[in-house]
Amino acid sequence: MTDVNSRIETEIKSQDVVVFMKGTPQFPMCGFSGQVAQILNYLGVPFKGVNVLEDMEIREGIKAFSQWPTIPQVYVKGEFVGGCDITREMFQSGELQQMLSEKGIATNTAAA
């Protein structure tokens, strides 16, 4: 495993929900990252944001790691979920809330 892959693994394992994004959860630097942060905040899910703009090695490495070409990338309990479109579609259909619940991650009951 390369150094960047081990750093990515460490980030993914550091919290139940991790989002590799442009910007931070408080200040997203692109609309797609902002949408993912909004969804998770709406559901009341604590998550760690990894700002790929601060580290080009992580920015490029995460794409190879997941074999997914775009950012943001959402990981739940170490498992790659998808990017903005998939996260949004799963949220709208209720699949995201169900998956989080099945993995033992609480969401706001009012939002579910």
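The rules behind each value
- Residues numbered from 1 in each chain as written.
- Predicted model: local features only at pLDDT ≥ 70, side-chain atom pairs only at ≥ 80, totals over all residues.
- Heavy atoms only, no water.
- Salt bridge = Lys/Arg side-chain N within 4 Å of Asp/Glu carboxyl O.
- Helix = DSSP H or I, 4+ residues; strand = E, 2+ residues; numbered from the N terminus.
- Buried < 20%, exposed > 50% of the residue type's maximum accessible area, 1.4 Å probe, protein only.
- Pairing = 2+ DSSP bridges.
- Arc of directions from axis to C-beta.
- Axes fitted to C-alpha atoms, helices over the stretch in contact; angles between N-to-C directions.
- Polar contact = N/O pair within 3.5 Å; in protein donor to acceptor, adjacent residues only side chain to side chain.
- Contact = heavy atoms within 4.5 Å.
- Phe/Tyr/Trp six-rings, centres within 6.5 Å; stacked < 30°, edge-to-face > 60°.

Peer 1: Explain the pattern of salt bridges to me, and be specific about the residues and the numbers.
Peer 2: Within this structure, the stated rule accounts for eight salt bridges. Two residues, Arg 7 and Asp 55, come together in a salt bridge whose shortest N-O distance is 2.1 Å. In this pair, Arg 7 sits in helix α1 (residues 3-13) while Asp 55 sits in the loop between β2 (48-51) and α3 (56-66), placing the two residues 48 residues apart along the sequence. In this structure, the salt-bridge partner of Asp 85 is Arg 88, at a minimum N-O distance of 2.9 Å.

Peer 1: Explain the pairing of strand β1 (residues 17-21) to me, and be specific about the residues and the numbers.
Peer 2: Successive side chains on a regular strand alternate, one facing one side of the sheet and the next facing the other. Burial of β1 is extensive: five of the five residues sit out of reach of the surface. Here β1 shows a buried face lined by Val 17, Val 19 and Met 21 and a second buried face lined by Val 18 and Phe 20. Both β1 and strand β3 (residues 73-76) contribute to a ladder of four bridges, which runs antiparallel. Along β3, the bridge assignment pairs Val 19 with Val 74. Sheet topology note: the β1/β2 ladder contains four bridges and is parallel. Note on β2: the bridge partner recorded for Val 18 is Lys 48.

Peer 1: Run through helix α4 (residues 84-93), naming residues and quoting values.
Peer 2: The complete set of buried residues in α4 reads Cys 84, Thr 87, Met 90 and Phe 91. The arc that holds the buried residues of α4, viewed along the axis, is 140°, so those residues lie on one side. Looking one or two residues beyond α4, the residue adopting positive phi is Gly 94, at roughly 90°.

Peer 1: Would you mind going over the sheet that holds β1 in detail, with residue names and values included?
Peer 2: An order of β2-β1-β3-β4 is seen for the four strands of this open sheet, with the pairing classed as mixed. The sheet terminates laterally at β2 and β4 (79-82), the two strands that pair on one side only. Within the sheet, the average angular offset between the axes of one strand and its neighbour, ignoring direction, is 25°.

Peer 1: Residues and numbers for the side chain of Asn 51, please.
Peer 2: With respect to the element layout, Asn 51 can be found in strand β2. A polar contact of 3.0 Å, which involves the side chain of Asn 51, links it to the backbone nitrogen of Gly 23. Not counting chain neighbours up to four residues away, the residues in contact with Asn 51 comprise Met 21, Lys 22, Gly 23 and Thr 24.

Peer 1: Describe the packing of aromatic side chains, with residues and values.
Peer 2: In total, this model carries five aromatic pairs according to the counting rule given. Summarising the aromatic geometry, the rings of Phe 20 and Tyr 75 are spaced 5.7 Å apart at their centres and angled 75° between planes, so their arrangement reads as edge-to-face. Remark: Tyr 75 occurs in strand β3 and Phe 20 occurs in strand β1; sequence separation between them is 55 residues. Judged by relative accessible area, which is 2%, Tyr 75 ranks as buried. Measuring from ring centre to ring centre gives 6.5 Å for Phe 65 and Tyr 75, while their planes differ by 55°; the resulting arrangement is tilted. Linking Phe 65 in helix α3 with Tyr 75 in strand β3, this pair joins segments that are ten residues apart in sequence. An aromatic cluster is present here, built from Phe 20, Phe 65, Trp 68, Tyr 75 and Phe 80 joined pairwise through their rings.

The quantities given are spatial measurements derived from coordinates; they are silent on function.
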